[in-house]
Amino acid sequence: MRTTTSQKLAALQHNPANIRNICILAHVDHGKTTIADCLIASNGIISQRLAGKLRYMDSREDEQIRGITMKSSAISLHFIKDQKDYLVNLIDSPGHVDFSSEVSTAVRLCDGALIIVDVVEGVCPQTHVVLRQAWLENIKPVLVLNKIDRLITELKYSPMEAHLHLQQILEQVNAVTGALFASDVMEKSASKSNGNDDTTQQTTGEQVYDWSAGLEETDDSSLYFSPDQGNVIFASAIDGWGFSISHFADMYASKLNIKADILRKTLWGDFYLNTKTKRIMKGAQNKAKKPLFVQFVLENLWSVYEAVQIRRDTDKIEKIVKSLNLKISNRDARHNDGRIHLQAICNQWLPLSKAILSMVVDKLPSPFDINEERVEKLMCSGGRSFDSLPPQTQELKKDFQACSASSEAPTIIYISKMFQVDKKALPQNRQRPLTHEEIQQKRELARQKHAERLANASMDTNNEKSEEKSSATVSGDQAAAAVSGEVQEIAEKVKDENGETFIAFARIFSGCVKKGQKIFILGPKHDPSKAILQGEEAISTETLDKMENTKHIAHTTIDEVYLLMGRELESMEEIPAGNVFGISGLEDHVLKSATASNTVVCPPFTEMAFEAAAIVRVAVEPTHAADMPSLVKGMKLLNQADSCVETLVQETGEHVIVAAGEVHLQRCLDDLRDRFAKIEISVSAPIIPFRETIIPPPTIDMVNEVIDCENQIQRNRNLDELLDEDTEIMPDGLVKMQTANRQCSICMRAIPLPEPVTELLEINAEVIKVLDKVARGKMDEGRLSSAMLEKIMEFRKTLERTFQEAGKKWKNTMGEIWSFGPRHCGPNILLNRIADYKRPSVWDFLEEGVERTASALREFDNSVISGFQLATLSGPMCDEPMMGVCFAMEGWDINVSKVTAKDKTPRETPQAGQNEITNATSGNAEGVERFGPFSGQMISTVKDACKVSFQVQPQRLCAAMYKCDIQATADVLGRMYAVISKRNGRILQEEMKEGTAVFMVKAVLPIAESFGFAEEIRKRTSGQASPQLFFSHWEIVASDPFWVPSTEEELLHFGEKADSDNQARKYMDSVRRRKGLHVEEKIVEHAEKQRTLGKNK
Ligand SMILES: Nc1nc2c(ncn2[C@@H]2O[C@H](COP(=O)(O)OP(=O)(O)OP(=O)(O)O)[C@@H](O)[C@H]2O)c(=O)[nH]1
Ligand SMILES: [Mg+2]
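Residues numbered from 1 in each chain as written. Chains lettered and ligands numbered in written order. Predicted model: local features only at pLDDT ≥ 70, side-chain atom pairs only at ≥ 80, totals over all residues. Heavy atoms only, no water.

**Q** Please clarify how the pairing of strand 15 (residues 560-565) should be interpreted in this entry.
**A** Side chains on a regular strand alternate between the two faces of the sheet. Of all six residues in strand 15, six are buried, a share of seventy percent or more. As judged from the three bridges shared by strand 15 and strand 18 (residues 580-584), these two strands associate in the antiparallel manner. Directly across from E560, in strand 18, lies its bridge partner S584. Here strand 15 folds back onto strand 16 (residues 568-572), and the loop between the two strands holds two residues, one of which, G566, carries a positive phi near 70°. (Buried < 20%, exposed > 50% of the residue type's maximum accessible area, 1.4 Å probe, protein only. Helix = DSSP H or I, 4+ residues; strand = E, 2+ residues; numbered from the N terminus. Pairing = 2+ DSSP bridges.)

What follows is the structure in structure tokens.
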């Protein structure tokens, strides 16, 4: 039975000071959903007995079957502490890497987080990730050390060993937060002017770790999780118990006659009790004494487990139950399974929900406590500085902090994702019992119909009475029509109710949102300053209908607002500021996330940081071609329902789904099949991304013979096919090419970038994007936030240093950078090495007042950039993007007078040169006719020059690699390694976990070989090892895809075709085949020689 009504929860929503919005974060399987179950059981939504077994928040069928959470979902809980009512909006999130985007959507809506760590597995990769995510969003974490029962029953540790182990785990977690803090300090101190450091203040009072406070206000001792600070809970979710130090401090204070405060500070740490003096002393370890934590906490726990679960000592159990003053039902006490008995005892003795919820309300901030730094971060999307926002927008900061629900406060809502629910599950469509009148009406209707049917039957037998018959038929027809109309109506209603609908997962930061309220949906590119310029800020939501939906602002009406209760939704009249809730009726305006407000002055919220990139793609098609429209519709819905998936139609017409990993992909396909498209679909083999690159010429060939350098370029490719009359290739790899109208020739050279530079470019894609925007004049340098400017400068410094370290050849490169590509942010560079063309480098634009159009050539500057962007987007090997390539433009011969006049009419040009220009224009007009506009020719020439210069270098394919962490015991290691090496993987590290028989193995594996890997490992190791795969980096495939044996030794060694084991060629050909590109293949060779070998021959 639910102990709290929705009315009560609705009332609690109005008191933000007593609201906590929190999410549960952890590595996969560390017990998040089990903990959520315990908390939910405390509100009577599920029974205590089922807590931990039901996994209530895993409402999807596949979540239950697989035993992992895939979607984050929210529930509102009521908690009373010190006679105060609290509302805890709890979000359970998935821990599997594939679903880390769901974590981002959860974290954005919360103010605090419970970080769960399995004490046996310790800090795992996703633990790092979630700590980082919480840090980036400025939300405050507390720690739960879960599964302590495993230390007792599985690892069979003594209390002393367990204490040591727990200390180590805590250190590991603190090391991660320490590293985050250090990087933050570095970033911030770099952006602060010198000499600010001495403003450091000592925090007073409660030492709570507060990430969000500025560095000056917090000293780093409060940064860490520590039981004595009350931000750590020790727990076993499965057995339903958990405690913080203060629980035991209060308990022993009276027994030992020591102040609870002192115990709170000493129960954890190197303290012991001097039994004679009854005083607490420091230095337990040195003096080989039992620390207080072991003596008063762990030993008690251990003895309960031993008595109840391990030895089943009834006398002892009775004693324990009596001394703890518990009431255990006979049913539990007599249960065959000791564990049930144990759970009943522990659950009463140290209830987990109470421990966790008390910590949550004490240590985590309420929506009121949102600090300035976080608000500014939320309001400044796309690297803008807060100061560059219009004053009206800046004013909104106060509203964020006031968290007021009054009618004057602007409504500000953030929607972090859209999730689908069955329409039948909506409260308004749920079946309700019929009222008495309705039952009466239905009866009456049935009676009438029955009478009509009887009348019809008698008419049929009385054929002669024609008059009567006709009149009866009329009434019969009417009845039939009425019935069919009704059926139709019902059918429509059923159809309407049967579909899926989308609910927005949202948080309201200010104001109050009501059913039927009109609201603006602000797209990510909405710019409040532009809206103000256009006078749109005057438009209120009342006069909104007069406004057209523009590209970035739409307006709509909110259908319903809901309280999120896990699997269920409760309809509400209104939701005041500070709550997490659901909205319906926005599916036509919101794709995945959005900002909603009743004022256009509100800026769009900063985009969420997604940790996992969508990388695995498959093409899907309906099994029956006629189902195509359903597929298209289904794909659209799928795209909306998942924050990470991408759906697109490729140029080839294929419908493609891009997912974060295999498990994610499977879930998307299941959803598409069963919920969104409801058709049979066939799925292609996964499409694996590759990158194309070049390498410095190798010095030895395939059979380790030194290569003759002269021969380099000729060896690489059959160059004849690259050459045409307009192209010249120098022996040193320089490519000279002419535009179609022969008015311009350019010289291009491709050089492999040093590996560290490529890496740096890849990591800094976001920074480069902004830098490039500024360089292209798409963004004002004045509007950059100081943090972004700082990042750019930092990147510039590191890049410069990396180039310096890469050798003399790269000494002047920094000043020559023209552009980055593809998409203006990729890991390839275009350099300006043209002796007589001076253009500012990308960095120069950061300074104000740089001349953007200095020389005549600048007009075609953009065409060069576009050509370079196109070339790097799809390389010549198999149309995949390039990486790690530097294109140096070394010459640019252009007949300026002939081409610059192209689009200018004489009217625009100065009087003096009129004749000349007119001539040129007419000359060019002919050129335009034959070859197209000059800028177009320029683009395609630069593109081709890039490609050819790339092709004359030794080309290589880069494969995407997964990193995988596997925990396994020694007996399955061998089998696991066999699977990894079969799939071309490499072991990086193998480490034994301290104090256990578990090995931690780190390996890398090409994504192309990873399908079914997790499943195979699980099978081969009988389920003992299960890997977590996440994208790590791009790696060059060693073999040359174009290699053919040329020396005698090579022919001898590899045979004429050398097709035995060229992995790169296999990858390249499979991509080419898929894209419908030409694949060089000899299928049957020497056909005439084929013969059947007879026995005698
Ligand atoms: N021994 C022991 N097992 C636990 C404990 N808590 C959870 N488990 C088990 O750990 C497994 C995973 O629990 P979940 O709660 O589903 O884990 P989760 O963190 O929600 O996992 P994902 O949502 O998939 O990331 C289940 O089999 C639980 O029964 C615990 O305290 N002790
Ligand atoms: Mg879960």
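Here the narrative resumes, following the displayed structure.
**Q** Just checking my understanding: could you explain the packing of helix 10 (residues 292-310) against helix 11 (residues 314-323) for this structure?
**A** Pairs of packed helices are described in terms of their axes, by the angle between the two and the distance that separates them. Where helix 10 contacts helix 11, the axes come no closer than 8 Å and their chain directions differ by 135°. Relative to helix 11, helix 10 is oriented oblique. When the axes of helix 10 and helix 11 are compared, the crossing they make is left-handed. The residues of helix 11 that touch helix 10, namely those facing S303, V304, A307 and V308, are K316, I317 and I320. Split by residue class, the contact of helix 10 with helix 11 holds five nonpolar, one polar and one charged. (Axes fitted to C-alpha atoms, helices over the stretch in contact; angles between N-to-C directions. Parallel < 35°, antiparallel > 145°, perpendicular 65-115°, else oblique. Left-handed = near helix turned anticlockwise from the far one by under 90°. Contact = heavy atoms within 4.5 Å. Nonpolar A, V, L, I, M, F, W, Y, C, P; charged D, E, K, R; others polar.)

**Q** Even after reading the chapter, I still don't get the coordination of the magnesium ion (ligand 2), so can you show me in this structure?
**A** Taken together, T33 (OG1) and T69 (OG1) make up the full set of protein donors to the magnesium ion (ligand 2), lying 1.9 Å away. Note that T33 is positioned in helix 2 (residues 32-41) and T69 in the loop between helix 3 (61-66) and strand 2 (73-81), a separation of 36 residues in sequence. For T69, a relative accessible area of 6% corresponds to the buried category. (Donors = N, O, S within 2.8 Å, 3.2 Å for Na, K, Ca; no water.)

**Q** Quick question: what am I supposed to make of the environment of G52 here?
**A** With respect to the secondary-structure elements, G52 resides in the loop between helix 2 and helix 3. Residue classification places G52 among the buried positions, given a relative accessible area of 16%. Residues G52 and I35, 17 residues apart in the sequence, show an inter-C-alpha distance of 7.2 Å. Those residues in contact with G52 that sit more than four places away from it in its chain are T34 and D37.

**Q** Just checking my understanding: could you explain the pairing of strand 2 for this structure?
**A** Buried residues dominate strand 2, accounting for eight of its nine residues. Relative to strand 3 (residues 84-92), strand 2 runs antiparallel, the two being bridged by nine bridges. Residue S73 lies in a different strand from strand 3, and its bridge partner there is D92. From the end of strand 2 to the start of strand 3, which pair antiparallel, there are two residues, and D82 there has a positive phi angle of about 50°.

**Q** It is not clear to me how the site of ligand 1 should be interpreted in this structure. Could you clarify?
**A** Taken together, the neighbourhood of ligand 1 is formed by 19 residues, with K32, T33, T34, T69 and D149 sitting nearest. Between ligand 1 and the protein, one listed contact pairs a nitrogen atom with a side-chain N or O atom of D149 at 2.8 Å. Backbone polar atom of I238 to an oxygen atom of ligand 1: 3.3 Å apart, as the coordinates give it. Alone, ligand 1 offers 650 Å² of accessible surface; in the complex the protein occludes 84% of this. For the shell around ligand 1, the secondary-structure elements that each account for two or more residues are helix 2 and helix 6 (149-153). Sort the elements by how many residues they give to the shell around ligand 1 and helix 2 lands first, with three residues. Class assignment for the residues of the shell around ligand 1 results in four nonpolar, nine polar and six charged. (Near = heavy atom within 4 Å. Polar contact = N/O pair within 3.5 Å; in protein donor to acceptor, adjacent residues only side chain to side chain. Areas by Shrake-Rupley, 256 points an atom, 1.4 Å probe, with all protein chains shown as cover.)

**Q** What should I look at first to understand the nonpolar core in this one?
**A** Soluble globular proteins tend to pack their nonpolar side chains together in the buried interior. Ranked by size, the top nonpolar core spans 142 residues in total, and within it L114, I413, I657, L672, F887 and W892 carry the most contacts. Here this core gets eight residues from one element, more than from any other, and that element is strand 31 (residues 955-969). If you look at the next biggest cluster of nonpolar residues, it comprises 105 residues, including L131, I258, L292 and F520. (Core = buried A, V, L, I, M, F, W, Y, C linked by side-chain atoms within 4.5 Å.)

**Q** What's the story with helix 24 (residues 765-775) in this structure? I'm lost.
**A** Because each turn of an α-helix spans 3.6 residues, side chains separated by three or four positions end up pointing in the same direction. Those residues of helix 24 not exposed but buried are V767, I768, V770, L771, D772, V774 and A775. Against helix 23 (755-763), helix 25 (786-806) and strand 28 (817-821) lie the buried residues of helix 24. G777 sits one or two residues past helix 24 and shows a positive phi near 75°.

**Q** Is there a simple way to explain the packing of helix 31 (residues 970-982) against helix 32 (residues 1013-1020) in this structure?
**A** Look at helix 31 against helix 32: their axes get within 9 Å of each other, and the N-to-C directions meet at 155°. In terms of orientation, helix 31 and helix 32 fall into the roughly antiparallel class. In the packing of helix 31 onto helix 32, the handedness of the crossing is right-handed. Where helix 31 abuts helix 32, its residues R975, M976, A978, V979, I980 and K982 lie against F1013, E1016, I1017 and R1020. Residue composition of the contact of helix 31 with helix 32, by class: six nonpolar, no polar and four charged.

**Q** Where do I start with the packing of aromatic side chains in this structure?
**A** When we look at a pair of aromatic rings, we describe it by the centre distance and by the angle of the planes. All told, the structure shown has 22 aromatic pairs when counted by the stated rule. Between F400 and F509, the aromatic rings sit 5.6 Å apart at their centres with planes inclined by 55°, giving tilted as the arrangement. Taken as a pair, F400 in helix 16 (residues 391-402) and F509 in strand 11 (residues 500-510) lie far apart in primary sequence, 109 residues in all. Accessibility expressed as a relative area gives 2% for F400, which makes it buried. Of the residues examined, F509 reaches a relative accessible area of 2% and is grouped as buried. When the ring of F803 is compared with that of W810, the centres are 5.6 Å apart and the planes differ by 25°; the resulting orientation is stacked. (Phe/Tyr/Trp six-rings, centres within 6.5 Å; stacked < 30°, edge-to-face > 60°.)

**Q** Any chance you could explain the environment of Y56 here in plain terms?
**A** As for its position among the elements, Y56 is in the loop between helix 2 and helix 3. Y56 sits in the buried class, given a relative accessible area of 10%. Placed 22 residues apart in sequence, Y56 and T34 show a C-alpha to C-alpha distance of 8.6 Å. Beyond its immediate sequence surroundings of up to four residues, Y56 is in contact with D37, I40, I45, I46, I75, M565, G566 and R567.

**Q** Please explain a positive patch on the surface as it appears in this structure.
**A** Taken together, K525, K530, K551, K769 and K773 make up a surface patch of like positive charges. By the element assignment, K525 lies in the loop between strand 13 (518-522) and helix 19 (528-533). (Patch = residues over 30% accessible without salt bridge, like charges linked within 9 Å, V, L, I, M, F, W, Y side chains within 5 Å. Salt bridge = Lys/Arg side-chain N within 4 Å of Asp/Glu carboxyl O. Lys, Arg positive; Asp, Glu negative; His and termini not counted. Charge placed at Lys NZ, Arg CZ, Asp CG, Glu CD.)

**Q** For this particular structure, what's the right way to read the sheet that holds strand 20 (residues 616-622)?
**A** Sheet architecture is open: four strands sit in the order 21-22-20-23, paired in antiparallel fashion. In this open sheet, the two edge strands, each paired with only one partner strand, are strand 21 (646-649) and strand 23 (681-683). Here the strands of the sheet are splayed against their neighbours by 30° on average, with no regard to which way each runs. For strand 20 and strand 22 (residues 655-659), the ladder comprises five bridges, and the chain directions are antiparallel. Residue pairing across strands places R617 opposite V658, the latter belonging to strand 22. Across the sheet, helix 20 (residues 628-641) is in contact with strand 20, strand 21, strand 22 and strand 23; its angle to strand 22 comes to roughly 25°.

Don't take any of this as a statement about function, it's just geometry.
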